[in-house]
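# Understanding the architecture of this molecule
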Amino acid sequence: GESVGLHLPTLSVQEGDNSIINCAYSNSASDYFIWYKQESGKGPQFIIDIRSNMDKRQGQRVTVLLNKTVKHLSLQIAATQPGDSAVYFCAENIMTGYSTLTFGKGTMLLVSP
Amino acid sequence: KAGVTQTPRYLIKTRGQQVTLSCSPISGHRSVSWYQQTPGQGLQFLFEYFSETQRNKGNFPGRFSGRQFSNSRSEMNVSTLELGDSALYLCASSSAGGLGNEQFFGPGTRLTVL
């Protein structure tokens, strides 16, 4: 498969652990945030999103936390599985009507069985 | 429903040549965005098309261009290729674009410039 990034921050966890991936976003005017998962050889896949009027949103095994004061976003994955191994990107968007996303550099999550 | 498809998946070109990449969005989606992904710069927005009109453009030189057809299929063109254009080019579609509409990505076209 194709490498999506070299020298990415890497988080190594054991299967069953909870994982927390962090992201600092750049634009204080951003009001919509998305987490994507990218596996080798594939395009980014939507995981979960959150709007700026919320500070927490939960999905299936995933939770996103938003702290607008310090412009910080985190993705929590519960009971991490080997299939969760991938590169995770946060993306921010200013909801002015366009689809432009600004992506973070990404974090590689490695899950050991 | 079929996902976003991109052709070709892999491409090798030499400096100075031009290249055209194709993207077919999910049926019914009218917005198509293009991104460039490199190890050094990560994912960067190129441009977005909606109903055959370019709505937004990223910070790339004029050698990068695109268009969208009436069936929402989109092409991007890179002229006078440079070594630094080697990247994974990703296309994403959404139903209306903007306002938090989820974007669905294709698998990408891996372009290598020699």
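Bear in mind that the values here come from a model prediction, so they are computed numbers and not experimental data.

## Topic: the overall build of chain B
In terms of helices and strands, chain B carries 0 helices and 11 strands. Going from N to C terminus, chain B has its helices and strands arranged as β-β-β-β-β-β-β-β-β-β-β. Along the first, second and third principal axes, the C-alpha atoms of chain B reach 35 × 25 × 25 Å. Here chain B holds 114 residues, and the buried ones make up 51% of them. Taking the intrachain contacts of chain B between residues at least 6 apart in sequence as the baseline, contacts between residues at least 24 apart amount to 55%. Surface exposure of chain B reaches about 5000 Å², of which carbon and sulfur atoms provide 49%. Of the side-chain charges in chain B, 11 are positive and 6 negative, and the distance between the mean point of each set is 4 Å.

## A few points about the state of the cysteines
This structure, assessed with the given rule, holds 2 disulfides over all chains. Residue C23(A) pairs covalently with C90(A) via a disulfide, S to S 1.6 Å. Of this pair, C23(A) sits in strand β2 (residues 19–24) while C90(A) sits in strand β8 (residues 86–93), and the two are 67 residues apart along the sequence. Judged by relative accessible area, which is 7%, C90(A) ranks as buried. Each sulfur of the disulfide joining C23(B) and C91(B) lies 1.7 Å from the other. The chirality of the disulfide connecting C23(B) with C91(B) is left-handed, given an S-S dihedral of about -45°. Note that C23(B) is positioned in strand β3 (residues 19–24) and C91(B) in strand β9 (residues 87–94), a separation of 68 residues in sequence.

## Considerations on the nonpolar core
In terms of nonpolar packing, the biggest core is built from 21 residues, with W34(B), L46(B), F64(B), M76(B) and Y89(B) touching the most fellow members. Contacts of L46(B), omitting those with residues within four sequence positions, involve W34(B), Y35(B), Q36(B), K57(B), G58(B), F60(B), F64(B), M76(B) and Y89(B). Counting residues in hydrophobic clusters, the runner-up holds 19 residues, among them Y25(A), W35(A), I50(A) and C90(A).

## Description of the pairing of strand β7 (residues 64–68) of chain B
For β7(B) and strand β8 (residues 74–78) of chain B, the ladder comprises 5 bridges, and the chain directions are antiparallel. Counted as the bridge partner of G66(B) is M76(B) from β8(B).

## Considering the layout of surface pockets
Empty space within the largest pocket amounts to approximately 330 Å³. Forming the boundary of the largest pocket are 23 residues, of which T102(A), F103(A), G104(A), Q41(B) and L43(B) lie nearest the centre. Broken down by secondary-structure element, the contributors of at least two residues to the lining of the largest pocket are β2, β8 and β9 (102–103) of chain A together with β5 (42–50) of chain B. Ranked by residues supplied to the lining of the largest pocket, first place goes to β5(B) with 4 residues. By residue class, the composition of the lining of the largest pocket is 11 nonpolar, 11 polar and 1 charged. When its volume is computed, the second largest pocket comes out at roughly 180 Å³. Sorting elements by how many residues they give to the lining of the second largest pocket places strand β4 (residues 45–51) of chain A first, with 3 residues. Of the residues in the lining of the second largest pocket, the class split is 5 nonpolar, 2 polar and 3 charged.

Reading the values: the criteria
- Residues numbered from 1 in each chain as written.
- Chains lettered and ligands numbered in written order.
- Predicted model: local features only at pLDDT ≥ 70, side-chain atom pairs only at ≥ 80, totals over all residues.
- Heavy atoms only, no water.
- Helix = DSSP H or I, 4+ residues; strand = E, 2+ residues; numbered from the N terminus.
- Buried < 20%, exposed > 50% of the residue type's maximum accessible area, 1.4 Å probe, protein only.
- Contact = heavy atoms within 4.5 Å.
- Areas by Shrake-Rupley, 256 points an atom, 1.4 Å probe, with all protein chains shown as cover.
- Lys, Arg positive; Asp, Glu negative; His and termini not counted.
- Charge placed at Lys NZ, Arg CZ, Asp CG, Glu CD.
- Disulfide = S-S within 2.5 Å.
- Core = buried A, V, L, I, M, F, W, Y, C linked by side-chain atoms within 4.5 Å.
- Pairing = 2+ DSSP bridges.
- 1 Å grid on protein atoms, 1.4 Å probe; cavity = no way out; pocket = protein on both sides within 12 Å on 5 of 7 lines; lining within 4 Å.
- Points joined across faces, edges and corners; volume = space filled by probe spheres on them.
- Nonpolar A, V, L, I, M, F, W, Y, C, P; charged D, E, K, R; others polar.

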